[in-house]
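Listed here are the chains, written in short residue letters.
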Amino acid sequence: MIKKTLFACMFASSVFVGAANAGDVAEFCGAVVTEMGMEDANGGCTCFEDSLSEDEKSLYLSLESEDDWNARASDNMKGAMAARFPAP
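What counts, and where the lines are drawn
Residues numbered from 1 in each chain as written. Predicted model: local features only at pLDDT ≥ 70, side-chain atom pairs only at ≥ 80, totals over all residues. Heavy atoms only, no water. Core = buried A, V, L, I, M, F, W, Y, C linked by side-chain atoms within 4.5 Å. Buried < 20%, exposed > 50% of the residue type's maximum accessible area, 1.4 Å probe, protein only. Helix = DSSP H or I, 4+ residues; strand = E, 2+ residues; numbered from the N terminus. Salt bridge = Lys/Arg side-chain N within 4 Å of Asp/Glu carboxyl O. Polar contact = N/O pair within 3.5 Å; in protein donor to acceptor, adjacent residues only side chain to side chain. Contact = heavy atoms within 4.5 Å.

A.B. asks: Is there a simple way to think about the nonpolar core in this case?
C.D. replies: If you look at soluble globular proteins, the nonpolar side chains tend to sit buried side by side. With 18 residues, the main nonpolar core has F48, Y60, W69 and M77 as its most contacted residues. Examining the composition of this core, we find that 5 residues originate from one element, helix 2 (residues 24-35), more than from any other.

Quick look at the structure:
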C-alpha cells in the first residue's frame, strides 16, 4: 500500500519539529515521495499541505513514527493524504 509505505519512509528520514512555515509540509512530503522513487507530478503534497490547518501542519511535522501517525493524525490529515496518494 503506497500510503503505508509513504509514512514508513517519511519517518525513516529526519523529522521537522516546530511551527510550520509555508511549504514545510509540502517540501517534506515531496522529499519522501522522491525517496520512494515516485513523482508528485500533480502537486499532491502541496494540496495536502493546503488542506491542513496550522495546528495540523505543526502536528504533521512533529510525528516521529508510523505508529505516531496512526495514533495522533486527525481524520482530516488521514483523509487528505489518502486522497492525494491513494493505494494502487
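Text resumes after the structure shown.
A.B. asks: I would appreciate a short explanation of the pattern of salt bridges in the present structure.
C.D. replies: Any two side chains of opposite charge can pair, given that their charged atoms come close. Counted under the stated rule, the structure contains 2 salt bridges. E54 is the salt-bridge partner of K57, the closest N and O atoms lying 3.2 Å from each other. Taken together, the positions of K57 and E54, both in helix 4 (residues 54-62) and 3 residues apart, correspond to about one turn of that helix. For K57, a relative accessible area of 13% gives the class buried. When the shortest N-O distance is used, the salt bridge between R72 and D68 registers 3.0 Å. Placement of the pair is R72 and D68 together in helix 5 (residues 66-72), with a separation of 4 residues, close to one helical turn. Owing to a relative accessible area of 15%, D68 belongs among the buried residues under this scheme.

A.B. asks: How should I be thinking about the side chain of E49 in this particular structure?
C.D. replies: For E49, the location among the structural elements is in helix 3 (residues 44-50). A distance of 3.4 Å separates the side chain of E49 from the backbone nitrogen of A26, its partner in a polar contact.

A.B. asks: Hey, could you run me through the environment of S62 in this one?
C.D. replies: Here S62 shows up in helix 4. There is a polar contact of 2.8 Å between the side chain of S62 and the backbone oxygen of L59. At a separation of 3.3 Å, a polar atom in the side chain of S62 contacts the side chain of R72.

A.B. asks: Would you mind showing me how to read the environment of N76 here?
C.D. replies: Among the secondary structure elements, N76 is positioned in helix 6 (residues 75-84). Separated by 25 residues in the primary sequence, N76 and S51 place their C-alpha atoms 8.2 Å from one another. Residues contacting N76, with those up to four places away along its chain left out, are S51, L52 and E56. In this structure the side chain of N76 is engaged in a polar contact, spanning 3.3 Å, whose partner is the backbone oxygen of S51.

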